[in-house]
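# Topology and contacts: notes
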Amino acid sequence: MYKFLLLSLIISVSLLPGPTDAQDKPESREMTGIGLLTDYLCLKPTDLSFRPDYTDQDSFRLAIVSRLMERPLGMIDYSASIKNAYVKRQPEILASFLFEDMARTSQTARGAAYHPSASEMQRTYNLYYTDPSLGQLLSKAAVHIDIILPKSTRAALGALSKKQQKFLQNQFKELLIIHEEEEFLSIEAIDSLDKAELEYAEQFAEFGLDIKKDPIIAAGIDMAREMLLEAGNLRQMIQSGSINPSEVLSKKGFVPDNADLSSFLGKQPGWVIGGTSNDYYHGDYKFILDFGGDDVYDLSYDPSNPHPVVIIDFGGNDVYRAQSDFTIGSGCFSAGLLLDFGGDDIYSGMSFGLGAGYFGFGLLYDAKGDDQYRGDSFLQGAGAFGLGILIDESGRDSYRAALNAQGFAFTEGYGLLYDSEGNDDYYAGGKYKDILRYTDHFYSFAQGFSIGLRPVLSGGVGALIDRSGNDNYKTDIFGQASSYWWSLGMIYDGEGNDSYHSFQYAQGSGAHMTNGILIDDAGNDSYFSKGVSQGCGHDYSCGILLDRGGDDTYTAYDLSQAAGSANGFGLLIDNFGDDRYFIKNPKNSQGYGNPRREYGSIGLFIDLGGSDQYAGNGRDNFYWRTKSKWGGGIDIELDPPDSTGETK
Amino acid sequence: MTSRFKYVIPIWILVSLFAGMTCLSANAQTYTISEIDSVFVIASSGEVRYRDMVQPAIDSLAAMGSDIVPQLIDKFTTKSARERLTIIQILKKIGSPSLQYLIPALSRPEPLVVQRVCWALGDVRDTAAVNPLINISSHASWQVREKAVDALGKLKDNRADGTAISSLTDSVGQVRKAAAVAIGRLGTNDAIRELTSVLGDEFYGARMSAMESLVKLDSSEVIWVLSDSMISANELVGHLACRVLGQIATDEARDILLLQVETGSVRRRAHAAVAIVASDPEDQCGFHQQILEYERDRLVRIQIESAIKSADSER
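Residue positions are given per chain, counted from 1 along the sequence in the order it is written. Working convention: letters from A go to chains and numbers from 1 go to ligands, in the order in which they are written. pLDDT decides what is reported in this predicted model: residues at 70 or higher carry local features, side-chain atom pairs at 80 or more are listed and counted, and totals for whole chains, interfaces and linings draw on all residues regardless. Remark: hydrogens and water are excluded; side-chain values derive from all non-hydrogen atoms of the structure.

Each helix is a run of H or I in the DSSP string that is no shorter than four residues. Each strand is a run of E no shorter than two, and both are numbered from the N terminus. Under the convention used throughout, the expected extent of a helix is 1.5 Å for every residue step, that is, one less than its residue count. End to end, helix α20 (residues 298-314) of chain B covers 24 Å across 17 residues, agreeing with the expected 24 Å (1.5 Å per residue, within 8%). Residue burial is assigned from relative accessible area. The probe radius is 1.4 Å, only protein chains are included, and a residue is buried under 20% of its type maximum, exposed over 50%, and partly exposed in between. Turning to α20(B), its buried residues are B:Leu299, B:Val300, B:Ile302, B:Gln303, B:Ile304, B:Ser306, B:Ala307, B:Ile308 and B:Ala311. Buried-residue contacts for α20(B) involve α2 (29-40) and β42 (622-625) of chain A together with α18 (266-279) and α19 (288-294) of chain B. By definition, residues are in contact when any of their heavy atoms lie within 4.5 Å.

Attention shifts here to the domain arrangement of chain B. When the parts of a complex come together, some accessible area is lost, and that lost area is often taken as the interface size. Residue and element names in this part refer to chain B. Each domain's extent is set by a domain assignment, obtained either automatically or from a database. You can read the domains of chain B as domain 1 (1-68 + 76-83), domain 2 (95-213) and domain 3 (218-315). Counting residues at the interface gives 10 residues for domain 2, matched by 16 residues for domain 3. Between domain 2 and domain 3 lies a buried interface of about 1100 Å² when both sides are counted; carbon and sulfur atoms form 71% of it. Buried area: the sum, over both parts, of the accessible surface (1.4 Å probe) that disappears when the two are put together. In terms of surface lost to domain 3, no three residues of domain 2 exceed Ile-192, Leu-199 and Met-211, which account for 48% of the buried area on that side. Think of a salt bridge as a Lys or Arg side-chain nitrogen and an Asp or Glu carboxyl oxygen that are within 4 Å of each other. The interface formed by domain 2 and domain 3 includes 1 salt bridge. For Arg-193, the salt bridge goes to Asp-228, with nearest N and O atoms at 4.0 Å. Whenever a nitrogen or oxygen atom comes within 3.5 Å of another N or O atom, the pair is scored as a polar contact, on the condition that within protein one atom can donate a hydrogen and the other can accept it, and that pairs from neighbouring residues in sequence are kept only if both atoms are in side chains. Applying the counting criterion to the domain 2 and domain 3 interface returns 2 residue pairs in polar contact (both at pLDDT 80 or more). For the side of domain 2 that touches domain 3, the elements supplying multiple residues, two or more each, are α13 (192-197) and α14 (204-216).

Further remarks concern the pattern of salt bridges. One side chain can pair with another of opposite charge once the charged atoms of both are near each other. Residues and elements named next belong to chain B. In this structure the tally under the stated criterion is 49 salt bridges over all chains. Lys-154 is paired through a salt bridge with Asp-123; the nearest N and O atoms lie 3.0 Å apart. With Lys-154 in helix α10 (residues 142-155) and Asp-123 in helix α8 (residues 111-124), this residue pair connects regions lying 31 residues apart in the sequence. Classification of Asp-123 by relative accessible area gives buried; the value is 13%.

Residue and element names in this part refer to chain B. Patches were defined on residues exceeding 30% relative accessible area and lacking a salt bridge, with like-charge contacts within 9 Å and nonpolar side-chain contacts (Val, Leu, Ile, Met, Phe, Trp, Tyr) within 5 Å. All accessible areas in this document rest on Shrake-Rupley with a 1.4 Å probe, and a residue is counted as covered only by the protein chains that are shown. In this count, Lys and Arg are taken as positive residues and Asp and Glu as negative ones, while His and the chain termini are left out. Here the site of a charge means atom NZ of a Lys, CZ of an Arg, CG of an Asp or CD of a Glu. A surface patch of like charges, here negative, comprises Asp-190, Glu-194, Asp-218 and Glu-221. Locating Asp-190 in the fold gives a position in the loop between α12 (173-186) and α13. Overall, Asp-190 belongs to the exposed group, its relative accessible area being 65%.

The subject of this paragraph is the layout of surface pockets. When its volume is computed, the second largest pocket comes out at roughly 980 Å³. Lining of the second largest pocket is provided by 33 residues; of these, A:Arg625, A:Thr626, A:Lys627, B:Ser310 and B:Glu314 occupy positions nearest its centre. Elements that contribute at least two residues to the lining of the second largest pocket include exactly β42 of chain A together with α14, α16 (235-248), α18 and α20 of chain B. With 6 residues, α20(B) is the single largest residue contributor to the lining of the second largest pocket. Only protein atoms enter the 1 Å grid used here. Points where a 1.4 Å probe fits but cannot escape make up a cavity, open sets with protein on both sides within 12 Å along at least five of seven lines make up a pocket, and a residue lines them when an atom lies within 4 Å of a point. Grid points are joined across faces, edges and corners, and a volume is the space filled by probe spheres set on the points.

Next up on the list: empty space enclosed by the protein. The gaps of empty space that remain are located by a probe, the size of a water molecule, rolled over the atoms. Residues and elements named next belong to chain A. As enumerated under the stated definition, the model contains 1 cavity of 30 Å³ or more in all. Considered as a void within the structure, the largest cavity measures approximately 90 Å³ in volume. Along the wall of the largest cavity there are 14 residues; nearest its centre are Val-309, Ile-311, Phe-326, Thr-327 and Ile-328. Elements with a contribution of two residues or more to the lining of the largest cavity: β5 (309-313) and β8 (335-340). Among the residues making up the lining of the largest cavity, the classes are represented as 8 nonpolar, 5 polar and 1 charged. Nonpolar residues are Ala, Val, Leu, Ile, Met, Phe, Trp, Tyr, Cys and Pro. Charged residues are Asp, Glu, Lys and Arg, and all others, Gly as well, are polar.

Written out as structure tokens, the structure reads:
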């Protein structure tokens, strides 16, 4: 029955609109607006398209990124399909959906997880705990941890030499972090650092195609599915009172006096099961099941000895502290799950954690509570040659990170932060200075952001989805639904009065052959950024900011609010509400296209309803063309009141 | 230390290096790769703290003269956009003496280098490059074709007319765009009919560039051809023709537009009406209210009213 339900859900998810559908559906309000404005400017919606061959195509480009570059308006439906793919308490369904979109452009078939043989499946373990529900959870975990994941990892990375594996542990990791001392380096040192990074990327490109990421990710998703099912069954039995944790833990089989406990299920090295009291865990674990209490986890992981990690905590106000990188729902050359079913928790990572997939699959699932997520780099839904997901289903949550976080992706990666309910705070930045552009601003690379290494490695897909609540988003340089180099960055916020604050390259923005989209369905929202934001595409890129409802306020300085730069496309679309648009430099904003390569870019500013206020180029009930190549705007009542005063 | 003093020492080093190199130049000495590289790193730096040193470094490299051009061409394989732009800037400053190396480099096997050499030749603006550029304008790489046609337009030499016209039908939109731009620069009146058909091009860059180039050509001939194009099956041709006529802004152009505001096509009426306002922003002919009164479509009326308001606010 469960399998049938799951299958039907997956089928219904796969029937959701594909990434290209929005351009074929002029009936949506935003598409009608785009049609009206492009017609006014002697353009066509299909003009919003990029060629795949402006530069040589690398072999690591994701097919979904490629397709959306060909038809960027498809981002609108694609973002909605990701938002709608989530089924409560079943993160594995969303994970499967994302996995589908992690195929390379050149990939004709997808790899699968290792299928254990009948004898491997029937392998018997010595039972320590005799409760059947617990026994089932432990035996299934053992099959995944001891057989499926290690063999899937071998299928994924087995073609690599020892030296190449070391390269992934060390040099490749350097591409995803910044050192604070870099801001003090000399010009020659920075130049050689840049060249070294490019060299790492080129070295990687020589053997990267030998990596088959699919088996690890697929095995991780399978493990998540089974662990969530079995943990759910066990919790249900405890909640219904049919069993209680202390009883479960006290039911033990016969253990001879001189027996080696490590051969018993649940007592293997790296395995531990805790009761309902406040427990302390310290070290590099493979499996932890905790029945409750306010627990403290000090976790570590050694990438040179990769293995799966499963941590299941049934409740309590827990503190998870990273003692090394690659912990707390982190899949590093393997899969890592952290499933926490209740309590106000604190997740304090270093780097590469809190739902991070680094050549692997990482899932952090938190069902309830007001939680705090902290850490440095590559965390809170981050993926590189892997899938990293952080799902928080409810509560008033706080997310803080320095860099590469909160729905971040690098090459062949998908990073997703999915928050279902609650008034949440997102902050990323403040640590690593953007020495290239400023003396007083910091990189964020976060909140629905993806990046590739130009021009050698395409990026992936970074997404932040927040379904409801009054949320605050804050980044500095590069963040909030933006991307760099053959990637996709997106934010989809459903309901609530939200505040988006950034400085540059943000809020539906793309720089250098890439796409970014921010969709906010409802609520009175406030957007602030200095520039290259709020619907801005630079250098064959497309940035879209689509706000479907509410009385919103947009503030920017320049090259924003529907600005196309260097043959890019920028769109700002506001469907309903009494809005205010403020811009400091109207000469390159609110429907602006910048001339480059002897032709133009496209900037489309569209407001389809409400009584609006402008500092800039627009006015209520107005069509305009800016003195640019090529852009303009409309502010109209798409559905004007009829003679009775009613609107559609 | 104030920001001004921060640059004193590095610039002093740069100047010393440059002075040394000038001496070397006097002895017909070629520069070593490392000597050029050390200045080039500064010239192509994008960092805010080294910004004041970039232009002196570019000037220093340009002052080394054409001897360094072969090494600059080798650097065209760079994957850095900033480095690529820096090389173009230096070559532009060196000017015509760089052609002795740039023209032979058009036969290099790497399309990436060749397209960038074309770009440099366009920016150096020496017509000695016209025939070599024509010769590679049918290169297999569309990027090379685009940059070659683009450079020919910049050189403004009518020997390139035929190449520009034939490139209007290239299979790649970017090349057709380059051809449309080049025709405007070359002033190729023989291409008006071909250019008009590009108003309906699938690629917006070609379409819009054709519109802008038509305005630069012989207006009486353009009006004649555009008048015929109003009935084109491809509606975009007529719509953009209205824009061109609005910019030409003669009585003959307006007469054609006035006919268009009476058509059954809502879109065509909108384009024609807005073009009429653009052609006579001060409404000396008194058409503004006339076309507004005639129009019943709500959105077309808003477009006309917007055009009138814009014209008023620009006065």
